[in-house]
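Now for the letters of each chain:
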Amino acid sequence: MSNLNPRQKEAVRYIDGPLLVLAGAGSGKTRVITQKIVHLVKRCDLKGFHIAALTFTNKAAREMQSRLADQLEAKYRRGMRISTFHNLGLNILKREHSHVGLKPGFSIYDAQDVQQLIKELMRRAFDGDDQASEMQWQISAWKNDRISPGQAQLEANGDPKQVAASVLYEAYNRTLRAYNAVDFDDLIGLPVELFETQPEALEHWQNRIRYLLVDEYQDTNATQYRLVQQLVGVRGAFTVVGDDDQSIYAWRGAQPENLALLSEDFATLKVIKLEQNYRSAGRILKAANKLIGNNPHVFEKRLWSELGYGDPLKVIQAKNEDHEAEQVVSRLLAHKFQSGGRFSDYAILYRGNHQSRLFERALRESQIPYKISGGTSFFAYQEVKDIMAYLRLLVNDDDDNAFVRVINTPRREIGPTTLEKLAGYATGRGVSLCAAAYELGLETVLPERAVNRLREFVEWLADKSDQAQRGDPLEVVKSLVNDIRYEEWLLDTANDPKTAERRMGNVHELLAWLGRMAEQEGDGASLSDLVSRMTLMDILERNEDEQRDDCVALMTLHAAKGLEFPHVFMVGVEEQLLPHHSSLDEDNVEEERRLAYVGITRAQKTLTFSMALRRRKHGEVMDCEPSRFLGELPEDDLVWEGGGQPVDPEERQERGKAHLANLKDMLN
DNA sequence: TGGGGTGATATTTTT
DNA sequence: TATCACCCCA
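Residues numbered from 1 in each chain as written. Chains lettered and ligands numbered in written order. Predicted model: local features only at pLDDT ≥ 70, side-chain atom pairs only at ≥ 80, totals over all residues. Heavy atoms only, no water.

**Let's talk about unusual backbone geometry**
In the segment running from L578 into P579, the intervening peptide bond is cis, with an omega of 5 degrees. Assignment of secondary structure puts P579 in the loop between β15 (565–570) and α28 (581–585). Positive phi is not limited to glycine here, since D45 has a value of about 65 degrees. Along the polypeptide, D45 turns up in the loop between α2 (29–42) and β2 (51–55). Here the phi dihedral of Q367 falls at roughly 60 degrees; this positive angle occurs in a residue that is not glycine. With respect to the helices, strands and loops of the structure, Q367 is situated in the loop between α16 (356–365) and β13 (370–372). (Helix = DSSP H or I, 4+ residues; strand = E, 2+ residues; numbered from the N terminus.)

What follows is the structure, given as structure tokens:
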């Protein structure tokens, strides 16, 4: 407690009612949350069992957990829930599944599964899957806003596209239930629905969670806010921490107005502002404050810092986008030599992922190690999806999506015709594909050979499922991979043995994760538990760059939220790019300004903006103007630089080599 | 069954 | 312009 400032202390100690902590960038909010948990346990005698802290990302949850582990003995942490919203939702559904029409072992569909399903439904209903992702987006938006298919249809007001989407929404939900499956949005939405209608269930969870903390509160959507409201009930024992200036996810349903809404819904709400920043030099904060001052505010806030004033901010004006990348990289390199720092002290932040390419190239040419965050998820690999589909089917034989994925992977000589007939039969009988395969009537529509193959498959599946229920789930999974000769199949299908090897490596990785998770969950863990937990995990692609740890970080402004770097380059700071043109059309400049604000406040010591005067867009060379946001920064703290002549590629190579030699010298 | 040709598309993304 | 998803074919 002694290392907290007075405001932070107040936020930690205040437990008399609902509390909103407005935590500016770099004001130590995670410290406050963890300290508060310690305070609740040690000073207020609250059992860990009765405390829940919610985050949006697994990363944030992990971070909080590990910080807490440093400050609180294990016995105090028993039963404490520090998890993402979605994991809490999963826990609730696991306990209450019967009330919302789910059977144990229900599947969780990720965005990819959902897209597949929606395309399938669209092909069936409108013979065509045009704009499937738009539909997917719309349905998710409705779910986030707590709008039912019926309401959606009413609100569509005859607009054909909206009507179609709402009809699809209805069919989609129905199908998901038939498959005994939920999507990510349902993990929050179904508990909310449940709590609206089942007071006993709500009471149980209110009794269980007696103090609730929520991180990044400005990112909550309507459904998540409702869940928070329900859980805290009239008691209102909660602390939410957020910053309206860092709300950059409104486009995916977040409602920053939930911050202001709190004071309406909880009359006794106390608000504490954390305005002392421990991260950035004075100049950087001054610029950030001035920029964000152009946005309207419900809560006024002014960050200050005791760190020095720091260097002026720079703006590099490059001739074109290649030149921009060159300039940024050569300045980064020069600065690193001069300061003797590490590559990991630097970050390059951009608005859109496509902007990374040029910087990657420039960094590679100069032999600078870098890592790009936001790679493909481990679970996107087809081999991982395959095995996961097997596991899903194993614990949930209603999951037709998984059935279709798995039935011919590897080949079982069950072709599209057989499947189609099976599907037709299943629909007629109102049962799942798996169940249909057992039915005797099947012989009337399918030749004996096909029926036998299907039976063989489902019987094998049932056998495995039995084993999984009785024995060690992990062993069953291993034997499953063995039974289907997956490795053989990978070798057959990949034209290059290296790819097959890599894919099998991913399968082993998956098994290893399952093993680790089984260990973590303890003896009682069923395969179903493991599978659903896995689906919510965030294992990222392991690329070679990540192995080295001294790397320049490349990421989008969105991905940078919550991070900090001694030296930040914000690139492509031009009109049409930041603010992005589509936000201009939609009159969303304020969110773009917050995005710029997030970028600026990532920097600790130096901040450099860059822009190109001309840039090719969609194959056409366009003139670019400096972002309006640059004009909103304090003029005296900004140094504009031309950027000099472009360096020719050969010289760049030379420079890279020289740099490498230099590194070697330093090592010797 | 994967690769090559074709045509649509071009912000941000977590769970 | 570059990428990506999809369709068709060998």
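So that's the structure; there's more coming.
**Details of the pattern of salt bridges**
Between side chains of opposite charge, pairing is possible as soon as their charged atoms come close. Overall, the coordinates contain 46 salt bridges when judged by the stated rule. Here E120 and R124 are joined by a salt bridge, their closest N and O atoms 3.5 Å apart. Residue E120 and its partner R124 are both found in helix α6 (residues 111–126); the two are separated by 4 residues, about one turn of the helix. Since its relative accessible area comes to 34%, E120 is described here as partly exposed. Taking relative accessible area as the criterion, R124 reaches 57% and is therefore assigned exposed. With its nearest N and O atoms 3.3 Å apart, the salt bridge here joins D466 to R470. Of this pair, D466 and R470 are both found in helix α21 (residues 448–470), 4 residues apart, which corresponds to roughly one turn of the helix. With relative accessibility at 69%, the residue R470 sits in the exposed group. (Salt bridge = Lys/Arg side-chain N within 4 Å of Asp/Glu carboxyl O. Buried < 20%, exposed > 50% of the residue type's maximum accessible area, 1.4 Å probe, protein only.)

**Things to note about the sheet that holds strand β19 (residues 638–641)**
Judged by pairing direction, the sheet is parallel, and its 7 strands sit side by side in the order β13-β14-β12-β15-β16-β11-β19 without closing on themselves. With one partner strand each, in any of the chains shown, β13 and β19 form the two edges of the open sheet. Across the sheet, the mean angle from the axis of one strand to that of its neighbour is 20 degrees, orientation sign disregarded. Sheet topology places strand β11 (residues 313–318) next to strand β16 (residues 603–612); 5 bridges connect them, and they run parallel. Each residue of the ladder has a partner; that of I316, found in β16, is S610. (Pairing = 2+ DSSP bridges. Axes fitted to C-alpha atoms, helices over the stretch in contact; angles between N-to-C directions.)

**Some details on the packing of helix α17 (residues 382–395) against helix α24 (residues 497–521)**
It is at 8 Å that the axes of α17 and α24 come closest, and there the two elements cross at 45 degrees. As far as their axial angle goes, α24 and α17 are oblique. α24 is crossed by α17, and the crossing has right-handed handedness. Contacts between α17 and α24 pair Q382, E383, V384, I387, M388 and L391 from the former with R503, N506, V507, L510 and L514 from the latter. (Parallel < 35°, antiparallel > 145°, perpendicular 65-115°, else oblique. Left-handed = near helix turned anticlockwise from the far one by under 90°. Contact = heavy atoms within 4.5 Å.)

**Focus on helix α8 (residues 149–156)**
Of the positions making up α8, those classed as buried are P149, A152 and A156. Angularly, the buried residues of α8 cover 55 degrees about the axis, an arc narrow enough to put them on a single face. Of the surrounding elements, those touching the buried residues of α8 are α7 (132–144) and α9 (160–178). (Arc of directions from axis to C-beta.)

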